[in-house]
Number of protein chains: 2
Amino acid sequence: MASNEIYWPEELFTDLDRTGPVPLYFQVSSRLEAAIHDGVIPAGARLENEIAIAARLGLSRPTIRRAIQELVDKGLLVRRRGIGTQVVQGQVTRPVELTSLYEDLRNSHHEPGTRVLAHEIVPATDPVAEGLGVAVGTDVVFIRRQRSTDGVPVAVLENYLPIEFSDITTEQLQDRGLYQILRARGVTIQIAKQKIGARRAQGDEAELLDVERGGPLLTMERIAFDNSGRALEYGHHCYRPDMYSFETTVVAK
Amino acid sequence: MASNEIYWPEELFTDLDRTGPVPLYFQVSSRLEAAIHDGVIPAGARLENEIAIAARLGLSRPTIRRAIQELVDKGLLVRRRGIGTQVVQGQVTRPVELTSLYEDLRNSHHEPGTRVLAHEIVPATDPVAEGLGVAVGTDVVFIRRQRSTDGVPVAVLENYLPIEFSDITTEQLQDRGLYQILRARGVTIQIAKQKIGARRAQGDEAELLDVERGGPLLTMERIAFDNSGRALEYGHHCYRPDMYSFETTVVAK
DNA sequence: TAGTGGTCTAGACCACGAG
DNA sequence: TCGTGGTCTAGACCACTAA
């Protein structure tokens, strides 16, 4: 079968940059990923063995292994001892990444819109205090936004931030995603813990999302931490289930 | 601050087994993980640097790095260049893994129950055929189960399998999780693509899950592949949102 | 300046799967 | 039996961070 042949588009790897800041394993894995996405390497195709690839590219085997491992973790390749490495069959979906809804929408070529519904300083209630790791009653920044794509409302986003972010302006929130604003301040989000569930639309949510009163909503609760482990954001989001869903690729260990 | 001290409970690593089949990096990472879970190494604590750990344990630095990386990927540790490695602050949640609902419930010390609602051979409809990668109309195995925990209904599970699994018996389905049955047949699931959403309860779902008619349900669609990339299972599941939610830990790249 | 993690090399031996 | 990926070693140099 043609799809079981060994594929290795060596021309993709002729100009690796050993001097720049981009790691070699990343250069290899990203080009390999692009080749798989574009069908240059078809689904089911076998790759050469790791030692041969390393020799061809003039790299060491650990470097090649790391490049391949990146794509295994993404669910694009499968390795089997004694057999070799194969491109996974079946369509490829983008895995869930640590991005904001705003960026998700932009990346899928839709025009995101934001309406700021609330932007104020409030005392932390019980769940908020626990999420952010502050005392109950501590002042925190509360933001409530309505997010739409191509003019259709998609989500109601409620976020709580530590008081040090009180200088974020409503105008910034109107124009950009929250994570984008935080990154511009030099804040990097490293880890997020998310909980995805469902419930009925409550209060003004039905109106804001243009769904029936009491209709089903997809919900996500999230706590985001910076690289020192401090909680930076506690969020509770509601999504219109006909406009949004979460996709993940899970790889067995 | 005490939580910024360097912690290294060396006694945990005195009896590493270099002869058995368990990789050294796994022995190190699993003991480290247990120590963090048990609070032996508190949240916010710093670890020694990689070279020193390697010297202490008589292992090479790449082996230690791999052990640490495992826990970074799980969201338990954070590494910063020029700084060191720290235990993440905040509570720890179990990340989503490639397990069946049955195993999830068992692991959380509840008694899962299964009622087989349907178990028959049917022709593949359009979405099923696409999911399993077979022609429309091909015979496939259809299973519909009601899953409960401690006597309370939690989910309605609809699964489609290739016809080669037609010899699975209803009794097996009653007693065990589907993935458990597949593993016992030597079938290993390597990758799954999941889509999580929400919708209203339809048909008999409200009755089966003991929720209001038209009430919100959490849904998951899943296609599971074996290590050769062949689709083994297409499933569509509905969960009672007050009984079940999906938790994930997302780590920035 | 000193210390940390990030990357990379060039080997080695082993376990698994197929023929 | 042979080829494959899985693991492990003992070094090396670099980039980033803090003092």
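As the structure is a prediction and not an experimental result, all values here were calculated from the model.

K.L.:
Which parts of the structure should I look at to understand the protein's contact with DNA strand C?
P.N.:
What surrounds DNA strand C is a group of 24 residues, the closest being Leu24, Ser60 and Thr63 of chain A together with Arg61 and Arg65 of chain B. Counted by atom, the contact set of DNA strand C within 4 Å of the protein is 68% sugar and phosphate. In the environment of DNA strand C, a phosphate oxygen lies 3.0 Å from a nitrogen or oxygen atom belonging to the side chain of Tyr25 of chain A. Between DNA strand C and the protein, one listed contact pairs a phosphate oxygen with a backbone N or O atom of Glu50 of chain B at 3.0 Å. At the level of elements, α1 (24-37) and α3 (61-73) of chain A together with α3 (61-73), β2 (77-80) and β3 (84-87) of chain B are the ones that each hand at least two residues to the surface near DNA strand C. For the surface near DNA strand C, the element with the highest residue contribution is α3 of chain A, accounting for 4 residues.

K.L.:
Help me out: how do you make sense of the interface of chain B and chain A in this one?
P.N.:
A common way to express how large an interface is: the accessible area buried when the components associate. Taken together, the 45 residues of chain B in the interface contact 45 residues of chain A. For the pair chain B and chain A, the two sides together bury roughly 4000 Å², of which 55% comes from carbon and sulfur. Summed over the shared surface of chain B and chain A, the result is 2 salt bridges. Residue Glu212 of chain B is joined to Arg200 of chain A by a salt bridge in which the shortest nitrogen-to-oxygen separation is 3.5 Å. The interface formed by chain B and chain A contains 4 residue pairs in polar contact (both at pLDDT 80 or more). Of all the secondary structure elements, the ones that give two or more residues to the side of chain B that touches chain A are β2, β7 (189-200), β8 (216-226) and β10 (246-251) of chain B. It is β7 of chain B that provides the largest number of residues to the side of chain B that touches chain A, a total of 12 residues.

K.L.:
Help me understand the environment of Leu173 of chain A, please; the structure alone is not making it clear to me.
P.N.:
All names here are of chain A. Within the fold, Leu173 resides in helix α6 (residues 170-175). Taking the C-alpha atoms as reference points, Leu173 and Val116, 57 residues apart in sequence, are found 7.1 Å from one another. When near neighbours in sequence (up to four residues on either side) are disregarded, Leu173 contacts Thr114, Val116, His119, Ile143, Arg145, Ile168, Leu178 and Ile181.

K.L.:
Where do I start with the relation of the copies chain B and chain A in this structure?
P.N.:
Turning one copy of the chain about an axis and sliding it along that axis gives the other copy, so a rotation and a shift relate them. Once chain B is rotated about the relating axis by 180° and shifted along it by 0.0 Å, it coincides with chain A to within an RMSD of 0.1 Å. Taken together, the rotation and translation describe the operation of a two-fold axis. Minimal C-alpha separation from the rotation axis in chain B is found for Pro216 of chain B, amounting to 2.2 Å. When you check the interface residues of chain B against chain A, 100% turn up at the interface there too, and the contact is symmetric in its surfaces.

K.L.:
Explanation requested: the domain arrangement of chain A in the structure shown.
P.N.:
The domain boundaries assigned to chain A delineate domain 1 (6-87) and domain 2 (92-247). If you average the C-alpha positions of domain 1 of chain A and of domain 2 of chain A, the two centres end up 36 Å apart.

K.L.:
Help me out: how do you make sense of the sheet that holds strand β3 (residues 84-87) of chain A in this one?
P.N.:
Within a beta sheet, neighbouring strands are joined by backbone hydrogen bonds and run either parallel or antiparallel to one another. Residues and elements named next belong to chain A. The strand order across the open sheet formed by 3 strands is β1-β3-β2, and the pairing between neighbours is antiparallel. Taken across any chain shown, the strands that pair with only one partner, and hence form the sheet edges, are β1 (46-47) and β2 (77-80). When β2 meets β3, the two strands line up antiparallel, connected through 4 bridges. Across the sheet, residue Leu77 finds its bridge partner in β3, namely Val87.

K.L.:
It is not clear to me how the protein's contact with DNA strand D should be interpreted in this structure. Could you clarify?
P.N.:
Lining the immediate environment of DNA strand D, one finds 24 residues, of which Arg65 and Gly82 of chain A together with Leu24, Ser60 and Thr63 of chain B sit closest. For DNA strand D, the backbone makes up 66% of the atoms found within 4 Å of the protein, where backbone means sugar plus phosphate. The contact in question runs from a base oxygen of DNA strand D to an N or O atom on the backbone of Gly82 of chain A, over 3.1 Å. At 3.2 Å, a side-chain N or O of Thr85 of chain A approaches a phosphate oxygen of DNA strand D. Taken together, the elements giving at least two residues each to the surface near DNA strand D come down to α3, β2 and β3 of chain A together with α1 (24-37) and α3 of chain B. Considering every element that reaches the surface near DNA strand D, the biggest residue donor is α3 of chain B, with 4 residues. Taken together, the residues that form the surface near DNA strand D break down as 7 nonpolar, 7 polar and 10 charged.

K.L.:
Hey, could you run me through the packing of α1 of chain B against α3 of chain B in this one?
P.N.:
The packing of two helices is summarised by the inter-axis angle and the distance between the axes. Residue and element names in this part refer to chain B. Where α1 contacts α3, the axes come no closer than 8 Å and their chain directions differ by 45°. The pairing of α1 with α3 is recorded here as oblique in orientation. Where α1 crosses over α3, the two elements pack in a sense that is right-handed. Contacts between α1 and α3 involve Leu24, Tyr25, Val28, Ser29, Leu32, Glu33 and Ile36 from the first element and Thr63, Arg66, Ala67, Glu70 and Leu71 from the second. For the contact of α1 with α3, a count of residues per class yields 7 nonpolar, 2 polar and 3 charged.

Rules of the game
- Residues numbered from 1 in each chain as written.
- Chains lettered and ligands numbered in written order.
- Predicted model: local features only at pLDDT ≥ 70, side-chain atom pairs only at ≥ 80, totals over all residues.
- Heavy atoms only, no water.
- Near = heavy atom within 4 Å.
- Polar contact = N/O pair within 3.5 Å; in protein donor to acceptor, adjacent residues only side chain to side chain.
- Helix = DSSP H or I, 4+ residues; strand = E, 2+ residues; numbered from the N terminus.
- Contact = heavy atoms within 4.5 Å.
- Buried area = accessible area lost by both parts, 1.4 Å probe.
- Salt bridge = Lys/Arg side-chain N within 4 Å of Asp/Glu carboxyl O.
- Least-squares fit on C-alpha atoms with pLDDT ≥ 70 in both.
- Domains from an automatic or database assignment.
- Pairing = 2+ DSSP bridges.
- Nonpolar A, V, L, I, M, F, W, Y, C, P; charged D, E, K, R; others polar.
- Axes fitted to C-alpha atoms, helices over the stretch in contact; angles between N-to-C directions.
- Parallel < 35°, antiparallel > 145°, perpendicular 65-115°, else oblique.
- Left-handed = near helix turned anticlockwise from the far one by under 90°.

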